[in-house]
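Chain by chain, the residues:
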Amino acid sequence: MKHKAGNAQQINELLYQALETEIGGLSVYETAVSCAINEDLKKEWKEYLEETRTHHRVLLTVFEQLGLDPEMQTPGREVVRHLGESLVKAMKMAVSAGDRDAAQLVATECVVLAETKDHANWSLIGVIADQHSGREAKILKQAYDAVATDEDHHLYHTQGWSRELWIESLGFPAVLPPPEEVKQVESAIGASRAEQARDKMLKH
């Protein structure tokens, strides 16, 4: 059921933040790839970097269709940029400390933080597409459908990598690649089930 038109100003604010999140995501993934020493993880993140490039293009198309200026700055957008730059800085700090395993762990955490915001943005774009009406809803629905599955994948799989690499670093048996990867998780429920299955996977 379509409800009343949403708050247009705040819808635009979300789109500006979403665009900035994707721009920041490119730098986050480029840096994370250089921190990855596990070959499977490196390969995974290279794919996510390519998908993030696509998501950035999808949003630029949305901006074009809605007549929004992709260069326009808002206070919220500036905060998002600051957070993205801070994550890149954190990874570089970890690398300069000289412990490659520790830097890889920091990178997984930074990607999880970046993807948490990214995933939230797209979930909200999905809400707008669902609740809003007219041409704007149609444009956002198309963008959401093109990106949503990737976003689930990025967040839940990297959470799995972060958890298992941490467990390994603590000196306990880890499941690598993580269960999320093996079971091709694409939802929060799937991620929870994959984590619960890790004990069984360890026994095998």
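Here the structure is shown first, and the text comes after it.
The structure displayed is predicted, hence computed values, not measured ones. (Residues numbered from 1 in each chain as written. Predicted model: local features only at pLDDT ≥ 70, side-chain atom pairs only at ≥ 80, totals over all residues. Heavy atoms only, no water.)

I would appreciate a short explanation of helix α7 (residues 188–196) in the present structure.
Residues lying three or four places apart along an α-helix face the same way, a consequence of the helix completing one turn every 3.6 residues. Turning to α7, its buried residues number three or more, namely G190, A191 and A194. The arc enclosing the buried residues of α7, seen along the axis, measures out at 100°, which places them on a common side. Facing away from the buried side of α7 by more than 90 degrees, the exposed set consists of I189, R193 and Q196. Where α7 is buried, its residues contact α5 (134–169), α6 (179–182) and α8 (198–203). (Buried < 20%, exposed > 50% of the residue type's maximum accessible area, 1.4 Å probe, protein only. Helix = DSSP H or I, 4+ residues; strand = E, 2+ residues; numbered from the N terminus. Arc of directions from axis to C-beta. Contact = heavy atoms within 4.5 Å.)

In this structure, what is going on with the pattern of salt bridges? I would like to understand it.
Pairing is possible between side chains that carry opposite charge, provided their charged atoms lie close to one another. For the structure shown, the criterion picks out 11 salt bridges. In this structure, the salt-bridge partner of E20 is R81, at a minimum N-O distance of 3.4 Å. Here the residue E20 occupies a position in helix α1 (residues 8–35), and R81 occupies one in helix α3 (residues 75–96), the gap between them amounting to 61 residues. The exposure class assigned to E20 is buried, which follows from its relative accessible area of 5%. With a closest N to O distance of 3.9 Å, D199 and R198 form a salt bridge. A relative accessible area of 46% places D199 in the partly exposed class. Where salt bridges share partners, they join R163, E164, E180, E195, R198 and D199 into one cluster. (Salt bridge = Lys/Arg side-chain N within 4 Å of Asp/Glu carboxyl O.)

Explanation requested: the state of the cysteines in the structure shown.
Here a disulfide denotes a covalent bond joining the sulfur atom of one cysteine to the sulfur atom of another. Inspection of the entire model under this criterion finds 0 disulfides. With no disulfide partner, C35 has as its closest neighbouring cysteine sulfur the one in C110, 8.1 Å distant. The class of C35 is buried, set by a relative accessible area of 4%. (Disulfide = S-S within 2.5 Å.)

So what exactly am I meant to see when it comes to the nonpolar core here?
Side chains of nonpolar character tend, in soluble globular proteins, to be buried together. Counting residues in hydrophobic clusters, the biggest one holds 21 residues, and the most contacted among them are V28, W45 and M91. Elements represented by at least two residues in this core include exactly α1, α2 (39–66), α3, α4 (100–131) and α5. With 6 residues, the top contributor of residues to this core is α1. Each residue touching W45, except ones within four places of it in the same chain, is listed here: Y29, A32, V33, A36, Q104, A107, T108, V111 and T158. Counting 19 residues, the second largest nonpolar core, distinct from the first, contains I11, L14, V58 and V147. (Core = buried A, V, L, I, M, F, W, Y, C linked by side-chain atoms within 4.5 Å.)

Help me understand the side chain of D118, please; the structure alone is not making it clear to me.
Tracing the chain through its elements places D118 in helix α4. Lacking a salt bridge, the buried D118 has K117 as its closest oppositely charged neighbour, with an N-O distance of 8.6 Å. The contact partners of D118, leaving out residues within four places of it in the chain, are T21, E22 and E151. (Lys, Arg positive; Asp, Glu negative; His and termini not counted.)

Can you walk me through the packing of aromatic side chains in this structure?
Describing an aromatic ring pair means giving the distance of the ring centres and the angle of the ring planes. Under the defined criterion, the tally for this structure stands at 2 aromatic pairs. The interplanar angle of 70° and the centroid separation of 5.3 Å between the aromatic rings of Y16 and F63 together place this pair among those described as edge-to-face. In this pair, Y16 is assigned in helix α1 and F63 in helix α2, connecting sequence segments 47 residues apart. The pair formed by Y16 and F63 is uniform in burial state, with each residue classed as buried. (Phe/Tyr/Trp six-rings, centres within 6.5 Å; stacked < 30°, edge-to-face > 60°.)

Where do I start with the environment of A148 in this structure?
Take A148: it is sitting in helix α5. Separated by 31 residues in the primary sequence, A148 and P179 place their C-alpha atoms 21 Å from one another.

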